[in-house]
Amino acid sequence: MEQGKALYSAQCLTCHGDETGQNRQPDAPPHNGEGHTWHHPDRLLFQWVMDGPPLRTAMPTFRSKLSEREVVAVLAFIKTMWTDEIRKG
Ligand code: HEC
């Protein structure tokens, strides 16, 4: 989990923003509970981070940058943002 947070801050934060959904690039969806990322199954999210999501414009691919374990760790961290948002209601 700590590793996922560090990886997210280093690799994803500048485009996707923090827990509040702020400080994002205009095109990048937030990964907190306000976005729609949580509608997608884990298997697809994993694939999209590795090879890019459908209709990709600016999202980089991470297959050459992150190991499978690292991608799993980042996704685990993203999920901590959803539970936060859902708790806040
Ligand atoms: C250069 C900016 C940028 C970086 C860095 C970036 N993304 Fe993205 N991401 C985007 C954009 C823009 C989209 C929307 C699709 C598109 O236009 O490419 C996207 C889409 C996504 C999606 C699918 C859309 C959704 O939310 O349902 C996921 C999942 C995702 N990114 C995860 C990540 C993760 C995890 C990282 C870090 C390992 C990351 N992104 C790093 C810009 C970025």
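Residues numbered from 1 in each chain as written. Predicted model: local features only at pLDDT ≥ 70, side-chain atom pairs only at ≥ 80, totals over all residues. Heavy atoms only, no water.

Help me understand unusual backbone geometry in this model?
Excluding glycine, a negative phi dihedral is what most residues carry, and trans is how most peptide bonds are arranged. The backbone of Leu-55 shows a phi angle near 60°, a positive value even though the residue is not glycine. As for its position among the elements, Leu-55 is in the loop between helix 3 (42-51) and helix 4 (68-88). (Helix = DSSP H or I, 4+ residues; strand = E, 2+ residues; numbered from the N terminus.)

Just checking my understanding: could you explain the site of the ligand for this structure?
In the neighbourhood of the ligand, 25 residues make up the surrounding shell, with Cys-12, Cys-15, His-16, Thr-57 and Met-59 lying closest. In this structure, a nitrogen atom belonging to the ligand sits 2.7 Å away from a side-chain N or O atom of His-16. Note that an oxygen atom of the ligand is positioned 2.3 Å from one of the side-chain N or O atoms of Thr-57. Mapped onto the shell around the ligand, the elements with two or more residues apiece are helix 2 (13-16), helix 3 and helix 4. When residues of the shell around the ligand are assigned to their parent elements, the largest contribution, three residues, is made by helix 3. Class assignment of the residues belonging to the shell around the ligand gives a composition of 16 nonpolar, seven polar and two charged. (Near = heavy atom within 4 Å. Polar contact = N/O pair within 3.5 Å; in protein donor to acceptor, adjacent residues only side chain to side chain. Nonpolar A, V, L, I, M, F, W, Y, C, P; charged D, E, K, R; others polar.)

How do you make sense of the nonpolar core when you look at a structure like this?
A general tendency of soluble globular proteins is for nonpolar side chains to be buried together. The biggest cluster of nonpolar side chains holds 17 residues, and the ones touching the most others in it are Tyr-8, Val-71, Val-74, Leu-75 and Ile-78. For this core, the secondary-structure elements that each account for two or more residues are helix 1 (2-11), helix 3 and helix 4. Sorting elements by how many residues they give to this core places helix 4 first, with seven residues. Excluding residues that lie within four positions of it along the chain, Ile-78 makes contacts with Tyr-8 and His-31. (Core = buried A, V, L, I, M, F, W, Y, C linked by side-chain atoms within 4.5 Å. Buried < 20%, exposed > 50% of the residue type's maximum accessible area, 1.4 Å probe, protein only. Contact = heavy atoms within 4.5 Å.)

Got a minute to help me understand the coordination of the iron atom of the ligand in this structure?
Any two of four tetrahedral donors ideally make an angle of 109.5 degrees at the metal, while pairs among six octahedral donors ideally make 90 or 180 degrees. The coordination sphere of the iron atom of the ligand, as far as protein atoms go, consists of His-16 (NE2) and Met-59 (SD), spread over 1.9 Å. Geometry at the iron atom of the ligand is octahedral, judged from the six donor atoms that bind it and their angles of 87 to 179° at the metal. A residue pair is termed long-range when its members are at least 10 positions apart, and His-16 in helix 2 and Met-59 in the loop between helix 3 and helix 4 qualify at 43 residues. No difference in accessibility class separates His-16 from Met-59, as the two residues are buried. (Donors = N, O, S within 2.8 Å, 3.2 Å for Na, K, Ca; no water. Tetrahedral: all angles 85-135°; square planar, octahedral: opposite > 155°, others 65-115°.)

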